[in-house]
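# Fold and geometry: a report
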Amino acid sequence: MSSIFGDLAPLRDRPITASQQLKTAKATYKSIRADPGHELFNSPLVNLSELGISGAPAYALAQTAPYFVSVPGAPETLMARRSVADKLCRVNARCVPVGLELFVFDAWRPAAVQAFFHDQWMPQFLSDLYPGDTEEETAARVTQYWATPSEDASTPSPHSTGGAVDLTLRWIDTGQPLWMGTQFDDAHERSHIDHFERGIDETSFSDVEARASRRLLHWVMMEEGFAPHPNEWWHFSFGDPLWARLNGHDSFPFGAAQPA
């Protein structure tokens, strides 16, 4: 039987593996420094929409759940390093023949936006959700999803490098996203990339489809050289500290980026 997913169909059946390796890498990547001598260190940010990549800047839109606020300083243009944008274009080219495309929620992120979520919004949200937690426990929960803002150009947070993107897959003709099991930015264990690999109700259409969709997104990005985030099915990066740790590098090419 032919599949609507065409040549991509086998990726929906390939399990996501090595989650513990990813979590170990995430716990230690902050010890790696950017290499200012790398040829990509000062490479420019480019507008993703001008290259045909679809998306909407989630943090600039007051309609984005669960925040429902236009975050001060959030860029209205989705930008990434040119080498990252080129990779996204190649992923898109692979998906378009079956009617799919990438849809980006967030890419380059200024330090002010990182600080808003890390220092204000997420601690308050988690304190309300887990009222019995200590400040230390709340802080630990925050860092599962939001990297600590950094003023040191050699140790930037992933999104401030322009090498990290948050995205999903959607159908081109309808704009309908594939079902991934949670919404974007859901700070819950269900967002971990291997959640549906650890046991699902095989009679649940939702569970089965979420597992298949995550596998497809994971592998089209991985096969283009992106690194995944263990706790966020939507987050992938290239050239940043997490990517470097996962690939055994002692440094990474992208420092903190700024638009031209």
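In what follows, the structure referred to is the one given above.
Residues numbered from 1 in each chain as written. Predicted model: local features only at pLDDT ≥ 70, side-chain atom pairs only at ≥ 80, totals over all residues. Heavy atoms only, no water.

## Remarks on helix 2 (residues 82-95)
Selection rule: Going along the chain from the N terminus, every DSSP run of H or I of four or more residues is numbered as a helix, and every run of E of two or more is numbered as a strand. Helix span is expected to be 1.5 Å times the residue number reduced by one. Exposed residues in this analysis have more than 50% of their type's maximum accessible area, buried residues have under 20%, and partly exposed residues fall in between, with area computed by a 1.4 Å probe over protein chains only. Residues count as neighbours in contact if any of their non-hydrogen atoms are within 4.5 Å of one another.
End to end, helix 2 covers 20 Å across 14 residues, agreeing with the expected 20 Å (1.5 Å per residue, within 8%). If you check which residues of helix 2 are buried, you get Ser-83, Val-84, Ala-85, Lys-87, Leu-88, Val-91, Asn-92 and Cys-95. Check the buried side of helix 2 and you find it contacts strand 2 (45-47), strand 4 (79-81), strand 5 (100-106), strand 6 (164-171) and helix 5 (205-222).

## Side note on the environment of Asp-201
With respect to the element layout, Asp-201 can be found in the loop between strand 6 and helix 5. Take Asp-201: its relative accessible area is 40%, and that puts it in the partly exposed class. If near-sequence neighbours (up to four positions away) are discounted, Asp-201 is found in contact with Asp-207 and Val-208.

## Comments concerning unusual backbone geometry
With omega at 0°, the peptide bond leading from Ala-65 into Pro-66 counts as cis. Tracing the sequence through the fold places Pro-66 in the loop between strand 3 (54-55) and strand 4. Positive phi is not limited to glycine here, since Phe-68 has a value of about 50°. Relative to the helices and strands, Phe-68 is located in the loop between strand 3 and strand 4. For Asp-185, which is not glycine, the phi torsion reads 70° and is therefore positive. Looking at Asp-185, the relative accessible area reads 9%, which means it is buried.

## Some words on the packing of aromatic side chains
Filter applied, for reference: Two rings from Phe, Tyr or Trp (for Trp, the six-membered ring) form a pair when their centres are within 6.5 Å of each other. A pair whose planes differ by under 30 degrees is stacked, one over 60 is edge-to-face, and the rest are tilted. Charges are assigned to positions over rings by a cutoff of 6 Å between ring centre and Lys NZ or Arg CZ, combined with an angular limit of 35 degrees from the ring normal.
One pass over the structure, following the stated rule, counts 17 aromatic pairs. Judged by centre distance (5.5 Å) and plane angle (45°), the rings of Phe-5 and Trp-171 are tilted. Residue Phe-5 is found in the segment before helix 1 (19-28), and its partner Trp-171 is found in strand 6; the two are separated by 166 residues along the sequence. Comparing Phe-5 with Trp-171 shows no difference in burial state: the two are buried. Ring geometry for Phe-103 versus Phe-105: centroids 5.9 Å apart, planes at 75°, classification edge-to-face. Across the pair, Phe-105 and Phe-103 agree in class, each one buried. Chaining the aromatic ring pairs together yields one cluster made of Tyr-59, Tyr-67, Phe-103, Phe-105, Phe-116, Phe-117, Trp-121, Phe-125, Trp-146, Phe-184, Trp-233 and Trp-234. The residue whose ring lies beneath Arg-141 is Tyr-130, and the NZ or CZ to ring-centre distance is 3.6 Å.

## Digging into the packing of helix 2 against helix 5
Threshold: Geometry is summarised by axes, namely lines fitted to C-alpha atoms with helices restricted to the contacting stretch, and by angles between N-to-C directions that run from 0 to 180 degrees. When describing relative orientation, an angle under 35 degrees is termed roughly parallel and one over 145 degrees roughly antiparallel, while 65 to 115 degrees is termed roughly perpendicular and anything else oblique. In this scheme the crossing of two helices becomes right-handed for a clockwise turn of the near helix relative to the far one and left-handed for an anticlockwise turn of less than a right angle.
In the contact formed by helix 2 and helix 5, the axes pass within 10 Å of each other and the chain directions differ by 130°. For the element pair helix 2 / helix 5, the angle class is oblique. Helix 2 and helix 5 meet at a crossing whose hand is right-handed. Residue-level contacts link Leu-88, Val-91 and Arg-94 of helix 2 to Trp-219, Val-220 and Met-221 of helix 5.

## Looking at the pattern of salt bridges
What counts is decided by this rule: For salt bridges, the criterion is a side-chain nitrogen of Lys or Arg within 4 Å of an Asp or Glu carboxyl oxygen.
Scanning all chains against the criterion turns up 13 salt bridges. Among the salt bridges present, the one from Asp-106 reaches Arg-109, with a minimum N-O distance of 2.7 Å. Measuring nitrogen to oxygen at the nearest pair gives 3.4 Å for the salt bridge that ties Arg-109 to Asp-166. One end of the pair, Arg-109, is in the loop between strand 5 and helix 3 (111-129); the other, Asp-166, is in strand 6, and 57 residues separate them in sequence. Comparing Arg-109 with Asp-166 shows no difference in burial state: the two are buried. If you follow the salt bridges from partner to partner, you end up with Arg-14, Arg-94 and Glu-223 in one network.

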